[in-house]
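# Analysis of the macromolecular model
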Amino acid sequence: YGGGFNPVPDADPTDGKLDVLVIEKVSRLQVAKVIGKYKSGCYRELPRLIRHFRTEQVKITCRENTPVNLDGELRIAKEIDFSVAKEKLRFFYPRELHIENLEKITL
């Protein structure tokens, strides 16, 4: 997420699950009232508007072609599947470097 948004701060990128927030339809006025809680990860304070679940796959089906934002890329689709990739990226690094130190490296 960009723009300072962190809607699910307790999401674990290594648990093999997608953290999904389902947000009920809201008016523009409601958006103005709740966007701060959503942005800062306080969605639990809005249980009537936002539901959270963890899953390995999500399939969304729309009645007609709908714009979908995928990490800043626009797609138009009636149906879209999101899932945890079974393939993993392998990183090669010098033998002297320990995995705990990788997050400290700036590329």
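So, here's what we can say about the structure.

Conventions adopted
- Residues numbered from 1 in each chain as written.
- Predicted model: local features only at pLDDT ≥ 70, side-chain atom pairs only at ≥ 80, totals over all residues.
- Heavy atoms only, no water.
- Core = buried A, V, L, I, M, F, W, Y, C linked by side-chain atoms within 4.5 Å.
- Buried < 20%, exposed > 50% of the residue type's maximum accessible area, 1.4 Å probe, protein only.
- Contact = heavy atoms within 4.5 Å.
- Helix = DSSP H or I, 4+ residues; strand = E, 2+ residues; numbered from the N terminus.
- Polar contact = N/O pair within 3.5 Å; in protein donor to acceptor, adjacent residues only side chain to side chain.
- Salt bridge = Lys/Arg side-chain N within 4 Å of Asp/Glu carboxyl O.

The next thing to look at is the nonpolar core. Membership of the largest hydrophobic core is limited to eight residues, which are Val8, Leu21, Val34, Tyr38, Tyr43, Leu46, Leu49 and Ile50. Apart from residues lying up to four places away in sequence, Val34 is in contact with Leu46 and Leu49.

Here we take up the side chain of Thr55. Within the element layout of this structure, Thr55 appears in strand β2 (residues 50–55). The exposure class of Thr55 is buried, given its relative accessible area of 19%. Of note is the side chain of Thr55, whose polar atom sits 3.2 Å from the backbone oxygen of Gln57. In this view, Thr55 contacts Lys17, Leu18 and Val20; residues no more than four positions away in its chain are not counted.

To continue, consider the pattern of salt bridges. Applying the stated rule across the entire model yields six salt bridges. Put simply, Glu56 and Lys17 hold a salt bridge, and the shortest N to O gap is 3.5 Å. Of this pair, Glu56 sits in the loop between β2 and β3 (57–70) while Lys17 is found in the segment before β1 (18–23), placing the two residues 39 residues apart along the sequence. A residue is classified by how much of its surface remains accessible, and Lys17, at 36% relative accessible area, is partly exposed. Here Glu79 ties to Lys59 by a salt bridge, and the two come within 3.5 Å at their closest N and O atoms. Of this pair, Glu79 sits in strand β4 (residues 73–83) while Lys59 sits in strand β3, and the two are 20 residues apart along the sequence. Each of Asp10, Asp19, Arg44 and Arg54 takes part in one network of salt bridges that share partners.

It is worth spelling out the environment of Thr14 at this point. Note that Thr14 resides in the segment before β1. Within the local environment of Thr14, its side chain forms a polar contact with the side chain of Asp12, the two groups lying 2.6 Å apart.

Below, the discussion takes up the environment of Gly3. Mapped onto the secondary structure, Gly3 falls in the segment before β1. A relative accessible area of 64% places Gly3 in the exposed class. For the pair Gly3 and Lys39, spaced 36 residues apart in sequence, the C-alpha separation works out to 9.1 Å.

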